[in-house]
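Here are the chains, one letter per residue:
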Amino acid sequence: MDQISQNILQTLSRDGRISNLELAERVGLSPSACLRRVQELERSGVVSGYRAVLDRNKMGVGFVAYVTVGLNKHTKDSQEAFERAIGAAREVVECHNITGAVEYLLRVEAADLVAYKSFHTDVLGVLPQVNSITSYVVMGSPKDERA
């Protein structure tokens, strides 16, 4: 991937609604050459979609935590059951199977501490696969480039 394609990707990741004309101008291409590059990036799967960046505070999300979860059994069935349960939990916006001392890292968003405690107790706490839960409360996010 050359520098122009990297510049296109960087620009699109910051503003997916930018016009092709503006994008072409920013990366130093003609509009037709820029469009061809963007279409190729989409066709090849490098660009897999476009998203809206949401203001979580305005949506009523005032509490964010990263939560590590250790399982009591390290079997495929146990992992699949946990992942199904987490897939249904609306508070979990990210679930990552990780290496290390625990199996999962979750990003959990809730209205407030009371709502998080309910999730912690009534959702995570009742899953038979869960052995350990550690919560890391987000106090601020000076850099967050997720779309």
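Now for a look at the structure at hand. Fair warning: this is a prediction, and the values are worked out from it, not measured in the lab. (Residues numbered from 1 in each chain as written. Predicted model: local features only at pLDDT ≥ 70, side-chain atom pairs only at ≥ 80, totals over all residues. Heavy atoms only, no water.)

### What to know about the layout of surface pockets
- Counted as a void, the second largest pocket has a volume near 430 Å³.
- If you go around the second largest pocket, you meet 20 residues; those closest to its centre are R56, R107, E109, D144 and R146.
- Elements supplying a minimum of two residues to the lining of the second largest pocket: strand 1 (63-71), strand 2 (92-97) and strand 3 (104-110).
- The residue inventory of the lining of the second largest pocket, partitioned by class, reads nine nonpolar, four polar and seven charged. (1 Å grid on protein atoms, 1.4 Å probe; cavity = no way out; pocket = protein on both sides within 12 Å on 5 of 7 lines; lining within 4 Å. Points joined across faces, edges and corners; volume = space filled by probe spheres on them. Helix = DSSP H or I, 4+ residues; strand = E, 2+ residues; numbered from the N terminus. Nonpolar A, V, L, I, M, F, W, Y, C, P; charged D, E, K, R; others polar.)

### Description of the pairing of strand 3
- The buried fraction of strand 3 is high, at six of seven residues.
- As paired elements, strand 1 and strand 3 share seven bridges and run antiparallel to each other. Pairing of V64 across the sheet is with E109, part of strand 3.
- Alignment of strand 2 against strand 3, held across five bridges, turns out to be antiparallel. Bridging from a neighbouring strand, H96 pairs with L105 of strand 3.
- Taking the residues that link successive antiparallel strands as the turn, the strand 2-strand 3 hairpin has six residues, and the phi of G100 there is positive, at about 120°. (Buried < 20%, exposed > 50% of the residue type's maximum accessible area, 1.4 Å probe, protein only. Pairing = 2+ DSSP bridges.)

### So, the packing of helix 1 (residues 3-14) against helix 3 (residues 31-43)
- Where helix 1 contacts helix 3, the two axes come as close as 11 Å, and the packing angle between them is 75°. It follows from the interaxial angle that helix 1 and helix 3 lie roughly perpendicular. Listed contacts from helix 3 to I4, S5, I8, L9 and L12 of helix 1 are R37, V38 and L41. (Axes fitted to C-alpha atoms, helices over the stretch in contact; angles between N-to-C directions. Parallel < 35°, antiparallel > 145°, perpendicular 65-115°, else oblique. Contact = heavy atoms within 4.5 Å.)

### A look at the nonpolar core
- If you look at the biggest cluster of nonpolar residues, it comprises 18 residues, and the most contacted ones within it are V67, V69, F82, L106, Y116 and L124.
- The set of elements that each furnish at least two residues to this core consists of strand 1, helix 4 (76-87), strand 3 and helix 5 (113-122).
- Among the elements that take part in this core, strand 1 stands out by supplying five residues, more than any other.
- Dropping the residues within four chain positions of it, L124 is found in contact with V67, V69, F82, I86, L106, F119, V130 and I133. (Core = buried A, V, L, I, M, F, W, Y, C linked by side-chain atoms within 4.5 Å.)

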